[in-house]
Amino acid sequence: MNHIGFDNEKYLRTQSEKIRERIARFGGKLYLEFGGKLFDDFHASRVLPGFAPDSKIRMLLQLKEQAEMVIVINSSDIEKNKVRGDSGITYDLEVFRLIDAFVGFGLYVGSVVLTRFQSQPSAVAFEKKLTDRGIKVYHHYDIPGYPNDISGIVSDNGYGKNDYIETTKELVVVTAPGPGSGKMAVCLSNIYHDYKRGIRAGYAKFETFPVWNLPLDHPVNIAYEAATADLNDMNMIDPFHLKAYGETTVNYNRDVEIYPVLRAMFDHIMGKCPYLSPTDMGVNMIKSCIIDDAVVRRAAESEIIRRYFNALCNRRRDMGSDVEVQKLELLMQQLNLKPLDRACVEPARRRAQETGAPTVAIELNDGTIVTGKTTPLLGASAACLLNAVKTLAGVSKETKLISPEILAPVQALKLHHLGNHNPRLHTNEVLIALSICATSDENAARCMEKLSELRGCEVHSSVLLAAVDENVFRRLGCNLTCEPIYQTKKLFHGN
């Protein structure tokens, strides 16, 4: 089932070559606006089977002697304690995580830029934490009339009042903890300062999606729209590229909308804009590395269905909107996709109806479907996980993997000391118990060895899962979806 559709090694090679070409085009200095995740890009690895989640950082490592990292964060986001939806950590903490990760990979972090800086107390405190750790910090400010007052923006009263970011490398990778941080403005501001100093520099944009030279209705591009349904981004034909070259390419609405402004800014800074279209700005080499389009299409379609279920669940938890769900429904209709096209959905629903209790189904990588039901000892997720590793290890379903002598003390701990009312074990507790039993039981040991084979498996639950179970499936590399139904009718749903 886990077929490869993307040549990752070719991508590392061709993408770094493309960036080197762009550096040379501008005389040896390039500001590269880096959108999306530099590492842990699991969306890309799901829709492009074969793409490694750390591909982009590995690609940059091929350029590390030429590159330095500049991290941009909006000061207002620090003040508001804005949180990343995927990791659950605030943007300021994400900056620290990025710095640690980049340094750990061997990349040079040049500085952090606080955009829209107005001496916000939280931003000032954050700056002190950075400077205490030896990180350079620069300030960029609100510019009146941005982005439409070109003459005011490209002047000493506009970009000119921003701090000049001192850089030492040919390639300046400008990244951020999340959208709306001001990466593009930081690039253009520093190019303005460079030109005033007689330094030739250029700009390019790195976005994995949408893929400019795949069709507008290709599932990979539609999956990008699904991933950004909450932002209401929309893929569209680049009209500027079509006019300039007679070639149909795909971009997204925000880049197309801002291009006339960018073109005017480049005209003011450089004398002439180096790009005839938004697509020209990009350096994306994804399409040339797709080796099996059918595999990639199927993977992207699966991702769209998963996004749909996630949107339903977010709405049920009051974290999403009807608009997001409706957009995803339209995207699914566009490709004639249905929820039951996800193979593990129907078995989970059917088993839940039969048992009258929550059920979880796993589609293993060979296509086998394994289910788990709620029992007096185990939650459905834990039961399904044990049944899955039993199937992979060739251990009969009736075999008891975890000794009652192990289960009883764990349940007593939960009920009598930790204040839980439910004695059933979550997935994390079952895995700990299984690992203990594996030291003396051959079947348990064989099942433990099979946990790695759950990576890439599809999981569906008939109810919303507790955060602890969601987290375990995520850490095991499983792709989880849930029905937007709470297990109980309580008003408070804890973990």
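Before going into details, it helps to say that this report is about the structure given with it.

**Topic: the overall build of the protein**
- When helices and strands are tallied, the protein shows 20 helices and 12 strands.
- Taking 495 residues into account, the globule formula puts the C-alpha radius of gyration at 23 Å, and the protein, at 25 Å, falls close to it.
- C-alpha atoms of the protein, sized along the principal axes, occupy 75 × 50 × 40 Å.
- Partitioning the intrachain contacts of the protein with sequence separation of at least 6 by distance along the chain shows that 68% fall at a separation of at least 24.

**Description of the packing of aromatic side chains**
- Applying the stated criterion to the full structure yields 15 aromatic pairs.
- For the pair Phe39 and Phe102, a centre-to-centre distance of 6.1 Å together with 90° between the ring planes defines the contact as edge-to-face. Note that Phe39 is positioned in the loop between strand S1 (30-34) and helix H2 (42-47) and Phe102 in helix H5 (residues 91-105), a separation of 63 residues in sequence.
- Each ring, one from Tyr224 and one from Tyr252, has its centre 5.9 Å from the other, and the planes form 65°; the classification is edge-to-face. A residue pair is termed long-range when its members are at least 10 positions apart, and Tyr224 in helix H9 (residues 219-227) and Tyr252 in strand S8 (residues 250-252) qualify at 28 residues. The burial state of Tyr224 is the same as that of Tyr252; both residues are buried.

**Looking at empty space enclosed by the protein**
- Tallied over the entire structure, the rule returns 1 cavity of 30 Å³ or more.
- One number sums up the size of the largest cavity: a volume of about 150 Å³.
- Along its surface, the largest cavity is lined by 14 residues, and Glu207, Pro210, Asn251, Asp255 and Gly282 are the ones closest to its centre.
- Of all the secondary structure elements, the ones that give two or more residues to the lining of the largest cavity are S8 and helix H12 (278-281).
- In terms of residue class, the lining of the largest cavity is built from 7 nonpolar, 4 polar and 3 charged.

**Quick word on the pattern of salt bridges**
- Under the criterion given, the structure shown has 26 salt bridges.
- Close ionic contact of Lys56 with Asp41 constitutes a salt bridge, the shortest N to O distance being 2.7 Å. One end of the pair, Lys56, is in helix H3 (residues 55-61); the other, Asp41, is in the loop between S1 and H2, and 15 residues separate them in sequence. Here the two residues Lys56 and Asp41 agree in accessibility, since each one is buried.
- In this structure, Arg97 engages Glu94 in a salt bridge whose closest nitrogen and oxygen atoms are separated by 2.9 Å. Placement of both Arg97 and Glu94 in helix H5 is noted, with a separation of 3 residues, approximately one turn of the helix.
- By relative accessible area, Glu94 is classed as buried at 3%.
- Through salt bridges with shared partners, a single network forms among Arg46, Glu303, Arg306, Arg307, Arg342 and Glu458.

**Points about the packing of H9 against helix H13 (residues 293-316)**
- It is the contact of H9 with H13, at a shortest axis distance of 8 Å, that shows an interaxial angle of 20°. Taken together, the axis directions place H9 and H13 in an arrangement best described as roughly parallel. Considering how the two elements wind past one another, H9 and H13 form a crossing that is left-handed. Of the residues in H13, those touching H9 at Pro219, Val220, Ile222, Ala223, Ala226 and Ala227 are Val296, Arg297, Ala300, Glu301, Glu303, Ile304 and Arg307.
- For the contact of H9 with H13, the class distribution of residues is 9 nonpolar, no polar and 4 charged.

**Let's talk about the environment of Val430**
- Among the structural elements, Val430 can be located in helix H18 (residues 427-437).
- Considered as a pair, Val430 and Val463 are 33 residues apart in the sequence and their alpha carbons are 19 Å apart.
- What Val430 contacts, discounting residues up to four positions off in sequence, is Leu378, Ala382, Leu386, Ile402 and Leu425.

**Section: helix H11 (residues 253-270)**
- For H11, which comprises 18 residues, the first-to-last C-alpha distance of 25 Å matches the rise-based estimate of 26 Å (1.5 Å per residue) to within 8%.
- Along its length, H11 reaches its greatest deviation from straightness, about 45°, at Tyr259, and the proline Pro260 lies no more than four positions downstream.
- All buried positions along H11 are accounted for by Asn253, Asp255, Val256, Tyr259, Val261, Leu262, Met265, Phe266 and Ile269.
- Note on H11: the residue one or two positions beyond its end, Gly271, has a positive phi of about 95°.

What counts and how
- Per chain, residues are indexed from 1 in the order of the written sequence.
- Totals for whole chains, interfaces and linings use every residue, but because this is a predicted model, local features are given only for residues with pLDDT of at least 70 and side-chain atom pairs only at 80 or more, for both listing and counting.
- Computation of side-chain values: all heavy atoms of the structure, hydrogens and water removed.
- In DSSP terms, a helix is any run of H or I states spanning at least four residues, a strand is any run of E spanning at least two, and both are numbered starting from the N terminus.
- Values of the radius of gyration come from C-alpha atoms, whereas the globule rule sets the reference at 2.2 Å times the count of residues to the power 0.38.
- Contact between two residues is taken to exist if any of their heavy atoms lie within 4.5 Å; hydrogens are not considered.
- Put simply, two rings from Phe, Tyr or Trp (the six-membered ring, in Trp's case) pair if the centres are within 6.5 Å, and we call them stacked under 30 degrees between planes, edge-to-face over 60, tilted for the rest.
- Each residue gets one of three labels from its accessible area relative to the maximum for its type: buried under 20%, exposed over 50%, partly exposed in between, using a 1.4 Å probe on protein chains only.
- In the cavity and pocket records, a cavity denotes points on a 1 Å grid over the protein atoms alone where a 1.4 Å probe fits but cannot get out, a pocket denotes an open set with protein on both sides within 12 Å along at least 5 of 7 lines, and lining residues are residues with an atom within 4 Å of a point.
- Grid points are joined across faces, edges and corners, and a volume is the space filled by probe spheres set on the points.
- In this classification, the charged set is Asp, Glu, Lys and Arg, the nonpolar set is Ala, Val, Leu, Ile, Met, Phe, Trp, Tyr, Cys and Pro, and all remaining amino acids, among them Gly, are polar.
- Salt bridges are defined as contacts in which a side-chain nitrogen from Lys or Arg sits within 4 Å of a carboxyl oxygen from Asp or Glu.
- Lines fitted to C-alpha atoms define the axes, with helix axes restricted to the stretch in contact, and inter-axis angles between N-to-C directions lie between 0 and 180 degrees.
- Throughout, the term roughly parallel applies to angles under 35 degrees, roughly antiparallel to angles over 145, roughly perpendicular to angles from 65 to 115, and oblique to all others.
- Crossing handedness is defined as follows: a turn of the near helix away from the far one that is anticlockwise and smaller than a right angle gives a left-handed crossing, while the clockwise case is right-handed.
- Each residue after the first adds 1.5 Å to the expected span of a helix.
- A residue's bend is simply the angle between two axes: one fitted to the seven residues ending at it, one to the seven starting at it.

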